[in-house]
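Summary of the model geometry
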Amino acid sequence: MAKFSEDDVYIFNKERECMQREDMKELQLKRLKNTVKYAYEHVDFYRDLYDKHNVHPDDIKTLEDIQKLPFITKDDLRKTYPFKLQAAPKEDWKEVHSTSGTTGIPTVAAYTQKDLDIWAESTARGLASVGVNPKSIVNVAYGFGLFTGGHGAQYGAQKIGALAVPMSSGNTPKQINFLKDFPADFLCCTPSYALFIAETMEKEGMDPKDLPLKGGLFGAEMWTEEIRAKLEEKFDISAQNIYGLTEVIGPGVSTECHMKDGMHIAEDHFYPEIIDPETLEVLPEGEEGEIVFTSLTKTGMPVIRYRTKDLTSLNYEKCKCGRTTVRMSRIKGRSDDMLKVKGVIVFPKQIEEVIMKVDELAPAYQIIVSRPDTLDEIEVQVEIDQANFSDSITDLETFRNKIAKSIKEAIGIGVKVTLAEPFTIPRSEGKAKRVIDKRDFS
Ligand SMILES: [Zn+2]
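Per chain, residues are indexed from 1 in the order of the written sequence. Owing to the predicted nature of the model, reporting of local features is limited to residues with pLDDT of at least 70; listing and counting of side-chain atom pairs is limited to 80 or more, with chain, interface and lining totals taken over all residues. Hydrogens and water are ignored here; the side-chain numbers use all heavy atoms of the structure.

**Some remarks on the domain arrangement of the chain**
Looking at the assigned domains, one finds that the chain contains domain 1 (6-21 + 94-334) and domain 2 (339-437). For each domain, the first and last residues come from an automatic or database assignment. Just the C-alpha atoms count here: the centres of domain 1 and domain 2 sit 27 Å apart. Summed over both sides, the interface between domain 1 and domain 2 buries roughly 1900 Å², with carbon and sulfur atoms accounting for 61% of that surface. Put simply, a salt bridge is a Lys or Arg side-chain nitrogen that is within 4 Å of an Asp or Glu carboxyl oxygen. The interface formed by domain 1 and domain 2 contains 2 salt bridges. Of the charged contacts, one joins Glu-199 and Arg-427 as a salt bridge, the two residues approaching to 2.8 Å between their closest N and O atoms. Of all the secondary-structure elements, those providing two or more residues to the side of domain 1 that touches domain 2 are helix 8 (191-203), helix 9 (225-235) and strand 15 (333-334). Here the quantity called buried area is the total loss of accessible area, with a 1.4 Å probe, experienced by two parts when brought into contact, counted for both. The numbering of helices and of strands both runs from the N terminus, where a helix is a DSSP run of H or I of at least 4 residues and a strand a run of E of at least 2.

**Here we look at the coordination of the zinc ion**
Because water is not among the atoms used, a metal site may look incomplete, as its donors are only the N, O and S atoms within 2.8 Å, or 3.2 Å for Na, K and Ca. Here the zinc ion is held by Cys-257 (SG), His-264 (NE2), Cys-319 (SG) and Cys-321 (SG), and the distances to it run 2.1 to 2.3 Å. The site at the zinc ion holds 4 donor atoms, and with the angles between them running 102 to 113°, its shape is tetrahedral. Counting residues between consecutive donors of the zinc ion along the chain gives the motif C-x6-H-x54-C-x1-C. You can see His-264 sitting in strand 9 (residues 263-265) and its partner Cys-319 sitting in the loop between strand 13 (314-315) and strand 14 (327-328), a full 55 residues away along the chain. No difference in accessibility class separates His-264 from Cys-319, as the two residues are buried. Under the classification used here, a metal with four donors is tetrahedral if each angle lies between 85 and 135 degrees, square planar if opposite donors are over 155 degrees apart and the others between 65 and 115, a six-donor metal meeting that same test is octahedral, and anything else is irregular. Partly exposed describes any residue whose relative accessible area lies between the buried limit of under 20% and the exposed limit of over 50%, with all areas from a 1.4 Å probe on protein chains only and scaled to the type maximum.

**Here's the deal with the sheet that holds strand 8 (residues 250-256)**
Pairing within the open sheet is mixed, and its 9 strands lie in the order 4-3-5-6-7-8-9-14-13. In this open sheet, the two strands that pair with only one neighbour each are strand 4 (163-165) and strand 13. Two strands pair if DSSP finds at least two bridges between them. Examined bridge by bridge, strand 13 and strand 14 share 2 bridges and lie antiparallel to one another. For Leu-314, the partnering residue across the bridge sits in strand 14 and is Met-328. Helix 9 rests against strand 6 (215-219), strand 7 (238-245) and strand 8 of the sheet, and its axis sits at about 130° to strand 7. Should any heavy atoms of two residues lie within 4.5 Å, those residues are considered in contact. Here an angle of 0 to 180 degrees is reported between the N-to-C directions of two axes, which are lines fitted to C-alpha atoms, with helices fitted over the stretch in contact.

**Here we look at the packing of helix 5 (residues 113-128) against helix 6 (residues 149-160)**
It is at 7 Å that the axes of helix 5 and helix 6 come closest, and there the two elements cross at 75°. As the angle between them shows, helix 5 and helix 6 are arranged roughly perpendicular. In contact with Leu-116, Trp-119, Ala-120, Glu-121, Thr-123, Ala-124, Leu-127 and Ala-128 of helix 5, helix 6 contributes His-151, Gly-152, Ala-153, Tyr-155, Gly-156, Ala-157, Lys-159 and Ile-160. When residues are sorted by character, Ala, Val, Leu, Ile, Met, Phe, Trp, Tyr, Cys and Pro go into the nonpolar class, Asp, Glu, Lys and Arg into the charged class, and all the rest, Gly among them, into the polar class. Taken together, the residues of the contact of helix 5 with helix 6 break down into 10 nonpolar, 4 polar and 2 charged. Throughout this description, any angle smaller than 35 degrees is read as roughly parallel, any larger than 145 degrees as roughly antiparallel, any in the 65 to 115 degree range as roughly perpendicular, and the remainder as oblique.

**Overview of helix 7 (residues 172-181)**
Residues of helix 7 that are buried: Thr-172, Gln-175, Ile-176 and Leu-179. Each buried residue of helix 7 sits inside an arc of 100° when the element is viewed along its axis, so together they form one side. Turned more than 90 degrees from where helix 7 packs its buried face, Pro-173 and Asp-181 sit exposed. The arc in question is formed by the directions pointing from the helix axis toward the C-beta atoms.

**Side note on the environment of Tyr-50**
In this structure, Tyr-50 sits in helix 3 (residues 44-52). Setting aside residues up to four positions removed in sequence, Tyr-50 forms contacts with Val-36, Tyr-40, Val-55, Leu-69, Pro-70 and Ile-304.

**Observations regarding the side chain of Glu-95**
Inspection of the secondary structure assignment puts Glu-95 in strand 1 (residues 93-98). We score Asp and Glu as negative and Lys and Arg as positive, and we do not count His or the chain ends. Buried charge without a partner: Glu-95 forms no salt bridge, and the closest opposite charge is Lys-94, 10 Å away. As used in this structure description, the phrase polar contact means that two N or O atoms lie within 3.5 Å; if the pair is within protein, one of them must be able to donate a hydrogen and the other to accept it, and residues adjacent in sequence are counted only when both atoms belong to side chains. Looking at Glu-95, its side chain comes within polar contact range of the side chain of His-97, at 2.6 Å. Among the polar contacts made by the side chain of Glu-95, one reaches the side chain of Tyr-155 at a distance of 2.6 Å. When neighbours within four sequence positions are excluded, Glu-95 is seen to be in contact with Ala-109, Ala-110, Tyr-111, Leu-116, Trp-119, His-151 and Tyr-155.

As structure tokens, then:
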């Protein structure tokens with residue numbers, strides 16, 4: 001059975017993805033000037049904002065001049081709900097997408113044909129970097145609908161000339177049958193859902209390795225190197241990271257190549273900056289902070305200095321794969337979903353890293369933060385993996401204490417660890433909900 005091979009990966013758009021830095025900067029500056037002018041002329045919101053800040057599109061003479069422009073946030077997108085940020089005339093809109101709106105009013109973006117082409121191009125770059133070619137079959141198990149996940153992967157696969165199976169998430173038994181019968185060489189979905197597919201197969205006595213899958217692009221939620229190791233081991237694939245957000249275009253803003261050393265940003269379309277989320281200062285290369293994006297070519301809903309809240313860092317060194325496009329590191333967390341517990345900052349990812357290293361635990365967990373009296377408490381629910389649970393672990397109490405100790409070492413504060421029965425912690429078919437914060441902040 002043909003599994004992943006480095007010989008199968010290639011660079012989709014060499015001209016852009018291997019550009020000299022100076023040429024890239026020149027292209028970015030030209031596009032930035034156009035975008036700022038275009039937004040100023042077509043969107044009242046930008047004109048009012050820039051007038052208020054006393055900046056004008058003509059003030060953009062170098063790339064650094066972008067710092068003269070104010071940031072925009074999700075709040076601005078909500079205030080302009082649904083279509084006040086759209087720059088293109090309505091007759092040019094070809095598709096609309098929206099965030100789930102779970103934390104408030106959803107943000108909505110209309111895409112012109114040009115935007116859809118840019119999106120297809122960016123995801124195609126990512127898919128080529130895991131080895132998708134015109135003969136490939138790509139099973140897309142991200143959700144379809146207003147959510148951008150599924151569509152981006154489908155358009156990218158089709159751009160390459162591959163066959164896309166728009167399976168969407170859910171209906172796992174059917175999903176498994178399709179993966180076998182169609183038969184897909186590549187899978188795109190959230191990492192937690194991919195793990196759930198593997199677990200379901202194992203439960204039914206099937207080996208996920210027997211699927212013809214060679215690789216996949218996984219994203220739309222936070223994940224860790226430990227989850228990658230599990231995915232690669234269980235399916236015998238190359239599991240590569242894909243990043244994106246609806247406000248910018250959707251998944252495909254950046255994707256990892258097979259070197260797995262940061263996600264290459266399609267920076268000829270999306271210009272990145274890293275800022276300190278507190279002071280809003282732009283940080284020097286390599287420092288960790290919040291990533292801010294400016295779309296350089298979008299015509300439907302251009303975003304200029306959009307604060308993503310995602311924490312990462314940038315690496316401008318040429319990658320071993322040959323691409324010169326800047327790489328962003330795996331998302332460390334979101335500046336607004338880091339937990340502050342007993343005054344200590346905790347990222348759910350830190351706890352996940354510990355859990356995933358314990359073979360006897362299933363890749364499912366939940367973090368529950370509460371304040372029973374006046375003090376914060378973290379409870380981490382983990383689940384025993386029956387297949388890997390050795391009979392030699394007879395003392396569950398010691399086992400539990402060992403996990404609690406490792407978590408305390410990782411995050412600096414003590415937690416309560418609870419062992420749950422196999423398959424009792426809710427699995428997710430889309431984005432996993434790992435943290436339940438029961439504290440009342442009102
Ligand atoms: Zn690379």
